[in-house]
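The lines below spell out each chain.
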Amino acid sequence: MKQTLMRVVKQWAAVAVAAVTLIAAPEAVQALTCEVSPTRVPITLSYHGAKLTITGQSAVNDELVLKISTPPADTEMKYKGKAGGLFWMKKGSLEFKGVPMVYLVNSTAKLDLILAEAERQQYQLGYDAMAKTARVEDSTGQPAEGKWFDEFIRFKEQEMVYSIQEGTITRKHGEKGNTFEAVVNWPYQAQPGVYDVEVFAVNGGKVVGKAHTSFEVERAGIIATLSSMAVEQAALYGIMAVVIAMVVGFGVGVIFKKGGSH
Amino acid sequence: MYMYLPIALTSVNYLLVVGLGLAVGLLSGLFGVGGGFLMTPLLMMIGIPPTIAAATDANQIVAASASGTFSHWRLGNVDVKMGILLTIGGFVGGAAGVQVIKMLRAAGGADFLIKMTYVIMLGLVGTFMFFESLNALRKQKQGASKAAPKSEKKGGFFAALPMQTHFEKSGVTHSALVPLVLGVFVGVLAAIMGVGGGFIMVPVMIYMLRMPMHVVVGTGLFQVLFTCIEVTFLQAYSNHTVDFFLAILLLLGSVFGAQIGTVLGKKLHGDQLKILLAIIVLAVTVKIVLELVLEPSILLSYAGGH
């Protein structure tokens, strides 16, 4: 009887130990998560971009890649070239097809070291991958020279809406398991809209896990009021702009006249 | 330090923008020009899309030229009759110029023609004014206290036109058709070049209408005021390209600049004013030529007012 009891206790203990071990083993249980803060970025009068913090949990051995972007779309651009062999001027337009408006990538290591080419291609990670999917056409629909894609990346990087920063995700191994954090400087040049945040867990050159969230950038307060008025009450907006300019102009003229006459 | 602009959808350093307004307003009060040929490129340099830069600049000029017109009017420097005739001509010419541009765009190669018109007009006007006023200043120095006053050449053709009328403030007599036609001419050019046209209108008033320099400045501002009211309203109404906040920042600077310019202008001789304006016009010409010849660092730009 006593022996049987001991056996049962031992069995239960074994189960308990196994369970604890299972919970503590991060590789087996810890799923990839991601959160962005803030989830709403208001554009107010003093807006000059924002600081986004992306946090989450991940398996200890996985490398991580973070991508903030918009779905691929078409963008029309004007391009400059030499006219008459001497003068630089706008020569025509180019259509960039299948390119995101915003593309900010952060990672724990160099993309081409941790990910196979096919994987980078599938998940659109890196400019090389984007170059293969994107198409550049001139105004007649013919494919344009390859240099224009590089020029496009340079333009977008200068505008701060494209960037690839490798080795910028920091990781911690603590009581809460394995967490990661990336701080992204959100550019004020990015237009209002909803932006996708994707985190990829990478192991052995392959993507082994994905997590997704999003945030919204939207006009608030006086910025929202004025920008909708400019479109919805265009005549009133135009009259207001003219009247205020005239009142200020004449007003300052009168003040100066008074000050000057003495 | 930073302020977000609701229409341009970008953030700017407001001290910098007020400073820009002050500098361009100063030129406006001194010379009777709107200064759009300087302001629009400067705004584009700080990241404002071109269409919004041009439209908002027109709104800002309304304030600066209202302020300048008012002070010049108090000084008796505005020839209202002349100003109204030039303005009417300018409206007609502007509308015609917009059609010309549309036709050119459809035919292709418009940008080349526009840039060339710009460079040649600025270069000619600047060079002519520079040497003309340099000669005048030299003659003054040579001391002849009674330097031969400009013999009022009665151009046979101008004098033969009907509707002769005396412009009291300017002290000249012309056919009313002359300022009307010149206004149309300036309006066409201004529309093609995408500017207000003050810097062409001012030399036209000096050399073709033979008006005294100080009346030219006051009347120029008067004409610029009405042109820019029209442009601001039309741009806001049909294109939604006027950024009200950007305009406010600019005009806070420019109205004070225009007052300082007016006060400064009173202390300068007409020929000194002309030679200064000539130097600025030539400097802008050189800048445009350099932009055309040197390879730009970025070869792409968004199409339209993005």
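Scroll up to find the structure this text is about.
Overview of the structure. (Residues numbered from 1 in each chain as written. Chains lettered and ligands numbered in written order. Predicted model: local features only at pLDDT ≥ 70, side-chain atom pairs only at ≥ 80, totals over all residues.)

Overview of the overall build of chain A
Stage number 1. Of the regular secondary structure elements, chain A holds eight helices and 13 strands.
Stage number 2. Burial analysis of chain A (262 residues in total) assigns 26% to the buried set. (Helix = DSSP H or I, 4+ residues; strand = E, 2+ residues; numbered from the N terminus. Buried ≥ 20, exposed ≤ 12 C-beta atoms within 10 Å, placed from the backbone.)

Side note on the sheet that holds strand β12 (residues 193–203) of chain A
Residue and element names in this part refer to chain A.
Stage number 1. Spatial ordering of the open sheet is given by β2-β13-β12-β4-β7-β9, a layout of six strands whose pairing is mixed. Both outer strands of the open sheet, β2 (40–43) and β9 (162–165), are each paired with one neighbouring strand and no more. On average, each strand axis in the sheet is tilted by 15° relative to the strand beside it, whichever way the strands run.
Stage number 2. In terms of strand pairing, β2 meets strand β13 (residues 206–219) through four bridges, oriented parallel. Bridging from a neighbouring strand, proline 42 pairs with glutamate 218 of β13. (Pairing = 2+ DSSP bridges. Axes fitted to C-alpha atoms, helices over the stretch in contact; angles between N-to-C directions.)

Things to note about the nonpolar core
Stage number 1. One finds Ala245(A), Val62(B), Leu246(B), Ala247(B) and Leu251(B) to be the most contacted residues of the largest nonpolar core, which totals 100 residues.
Stage number 2. The biggest single contributor to this core is helix α9 (residues 213–239) of chain B, with 13 residues.
Stage number 3. Excluding residues that lie within four positions of it along the chain, Val62(B) makes contacts with Val242(A), Ala245(A), Met246(A), Gly249(A), Leu225(B), Cys228(B), Ile229(B) and Thr232(B). (Core = buried A, V, L, I, M, F, W, Y, C linked by C-beta atoms within 7 Å. Contact = placed C-beta atoms within 7 Å.)

Some words on the environment of Ser67(B)
Residue and element names in this part refer to chain B.
Stage number 1. Relative to the elements of secondary structure, serine 67 occurs in helix α3 (residues 50–74).
Stage number 2. For serine 67, a count of 35 C-beta atoms within 10 Å gives the class buried.
Stage number 3. Here the alpha-carbon distance between serine 67 and glycine 257, two residues 190 residues apart in the chain, equals 9.7 Å.

With respect to the interface of chain A and chain B
Stage number 1. Of the residues lining the interface, 47 residues belong to chain A; the matching set on chain B comes to 43 residues.
Stage number 2. At the level of secondary structure, the elements contributing two or more residues to the side of chain A that touches chain B comprise β5 (73–83), β6 (87–99), α6 (147–158), α7 (221–232) and α8 (234–261) of chain A.
Stage number 3. Considering each element in turn, the side of chain A that touches chain B owes the most residues, 16 residues, to α8(A).
Stage number 4. Two strands pair when backbone bridges link them, and β5(A) and strand β5 (residues 300–302) of chain B are joined in this way by three bridges, in the antiparallel orientation. Each bridged residue has a counterpart across the sheet, and for Tyr79(A) the counterpart in β5(B) is Leu300(B).

Considering the environment of Val242(A)
Stage number 1. Note that Val242(A) resides in helix α8.
Stage number 2. Taking the number of C-beta atoms within 10 Å as the measure of exposure, Val242(A) has 24 and is therefore buried.
Stage number 3. In sequence terms Val242(A) and Glu175(A) are 67 residues apart; their C-alpha atoms lie 63 Å from each other.
Stage number 4. Among all residues touching Val242(A), those that are not within four sequence positions of it are Val62(B), Ile229(B), Thr232(B) and Phe233(B).

What to know about the sheet that holds β5(A)
Strands in a sheet are paired, the pairing made by backbone hydrogen bonds, and the direction either parallel or antiparallel.
Stage number 1. Across the sheet, four strands lie side by side as β8(A)-β6(A)-β5(A)-β5(B); this open sheet has antiparallel pairing. If you trace the sheet from one side to the other, it starts and ends with β8 (135–138) of chain A together with β5 of chain B, each paired once. Going from strand to strand, the sheet's axes swing by 35° on average, the running direction of each strand aside.
Stage number 2. Inspection of the sheet shows β6(A) paired to β8(A) by four bridges, in the antiparallel sense. Of the residues in β8(A), the one forming a bridge with Leu94(A) is Asp138(A).

Considerations on the pairing of strand β2 (residues 10–13) of chain B
All names here are of chain B.
Stage number 1. Bridge count for strand β1 (residues 2–5) against β2 is four bridges, and the pairing is antiparallel. Of the residues in β2, the one forming a bridge with tyrosine 4 is serine 11.
Stage number 2. Connecting the antiparallel pair β1 and β2 is a turn made up of four residues, with leucine 9 showing a positive phi of about 50°.

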